[in-house]
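So you can see what is in the structure, the chains are spelled out below.
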Amino acid sequence: MVSCKPAQSNIYFIPTIHGLHNVNKNYSYDSLKKIVSDLKPEIIAVEIRPEDIDQDTNYLGKNYPLEMRMMKYWFPGTKVVGFDWLGSDIEGREIPSNYWKEISSIKKFERALDEDSFFNKKVSYCDTFSNQRLALLQTLSLPGLLSSKDSLLTTQYYQCLEEMLQGSIHERVLKFYELRNEKMLNHINEIIRKHKNKRIVILTGDDHFIYLKNKFKNDKLP
């Protein structure tokens, strides 16, 4: 497991696999829960927006992966905080019920790419990396995943997308992904500053893990 210890804190990053925890017997929801429990965190940071962290189960269920929204129920005695970012258009506001189908910028960008036959065919060449990743995500335990080619394949996939979309209107898809990662990193830094000397477990989707891991490896935290 990736561990960083900046500024008198114990920081542990754990990549999660969202719905694939349901099919991966070696990295199930139960095994994730045990991993977090064994680390005995004082703070659990999850991929939920800070402004949504106290919302009810119904609201969270419409907008976030199961493992993220369940942490506060699995660990009721531990403080759970959020660090996600989903777009400037809903910062500080509740996510509307029709947001993902009708409002979300990134979903509109992704649909436009899917409907563009020329660029959709171009980016299909990147599927070789995502298909290899999927095989790993469906079968490997967390230690196995961390020692596998998963991070390399993730990097190769996004490099391929960048190459295929460069100079086109669909570059905005990648720009949004990059901005989201930056915003998430800023929120995580803020969490660490607020909770110095605390043992913090940070749960992030596997797609974001390589970016965040590298940032905390190479950057000195306050």
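This report concerns the structure included in the present document. Per-chain numbering applies: the sequence of each chain, read as written, is numbered from 1 onward. It should be noted that, the model being predicted, local features are given only for residues of pLDDT at least 70 and side-chain atom pairs only at 80 or more, the latter also being counted only at that level, while totals for whole chains, interfaces and linings use all residues. Hydrogens and waters are ignored; side-chain quantities use all the structure's heavy atoms.

### Re the state of the cysteines
Part 1 of the reasoning: By convention in this document, the label disulfide applies to cysteine sulfur atom pairs within 2.5 Å. As enumerated under the stated definition, the model contains one disulfide in all.
Part 2 of the reasoning: Disulfide partner of Cys 126: Cys 160, at an S-S distance of 2.1 Å. Between Cys 126 and Cys 160 the disulfide shows an S-S torsion of about -85 degrees. By sign, it is left-handed. Of this pair, Cys 126 sits in the loop between helix H6 (117-123) and helix H7 (127-137) while Cys 160 sits in helix H9 (residues 150-165), and the two are 34 residues apart along the sequence. The pair formed by Cys 126 and Cys 160 is uniform in burial state, with each residue classed as buried. Labels follow the DSSP assignment, with helices taken as runs of H or I lasting at least four residues and strands as runs of E lasting at least two, numbered in each case from the N terminus. Think of it in three bands: with a 1.4 Å probe and only protein chains considered, a residue is buried below 20% of the maximum accessible area for its type, exposed above 50%, and partly exposed in between.

### Points about the packing of aromatic side chains
Part 1 of the reasoning: Aromatic pairing here means that ring centres of Phe, Tyr or Trp (its six-membered ring) are within 6.5 Å. Orientation follows from the plane angle: under 30 degrees is stacked, over 60 is edge-to-face, and everything else is tilted. All told, the structure shown has five aromatic pairs when counted by the stated rule.
Part 2 of the reasoning: Seen in terms of ring centroids, Tyr 157 and Tyr 158 are 5.1 Å apart; in terms of plane orientation they differ by 75 degrees. Their pairing is edge-to-face.
Part 3 of the reasoning: Look at Tyr 158 and Tyr 177: their rings are 6.2 Å apart centre to centre, the planes differ by 85 degrees, and that puts the pair in the edge-to-face class. Taken as a pair, Tyr 158 in helix H9 and Tyr 177 in helix H10 (residues 171-194) lie far apart in primary sequence, 19 residues in all.
Part 4 of the reasoning: You can call Tyr 158 partly exposed: its relative accessible area is 23%.
Part 5 of the reasoning: Grouped by ring-pair contacts, the aromatic residues Tyr 157, Tyr 158 and Tyr 177 constitute a single cluster.

### Here's the deal with the side chain of His 208
Part 1 of the reasoning: Locating His 208 in the fold gives a position in helix H11 (residues 206-218).
Part 2 of the reasoning: Every residue in contact with His 208, bar those within four places of it in the chain, is listed here: Glu 47, Arg 180, Asn 181 and Met 184. We call two residues in contact when some of their heavy atoms are within 4.5 Å.

### Let's talk about the nonpolar core
Part 1 of the reasoning: Residues belong to a common nonpolar core when they are buried Ala, Val, Leu, Ile, Met, Phe, Trp, Tyr or Cys residues joined through side-chain atoms within 4.5 Å. If you look at the biggest cluster of nonpolar residues, it comprises 41 residues, and the most contacted ones within it are Ile 14, Val 36, Ile 44, Val 46, Met 71 and Leu 203.
Part 2 of the reasoning: If one sorts the elements of this core by residue count, H9 sits on top with six residues.
Part 3 of the reasoning: Ala 45, Phe 83, Met 184 and Leu 212 belong to the second-largest nonpolar core, a separate cluster that totals 16 residues.

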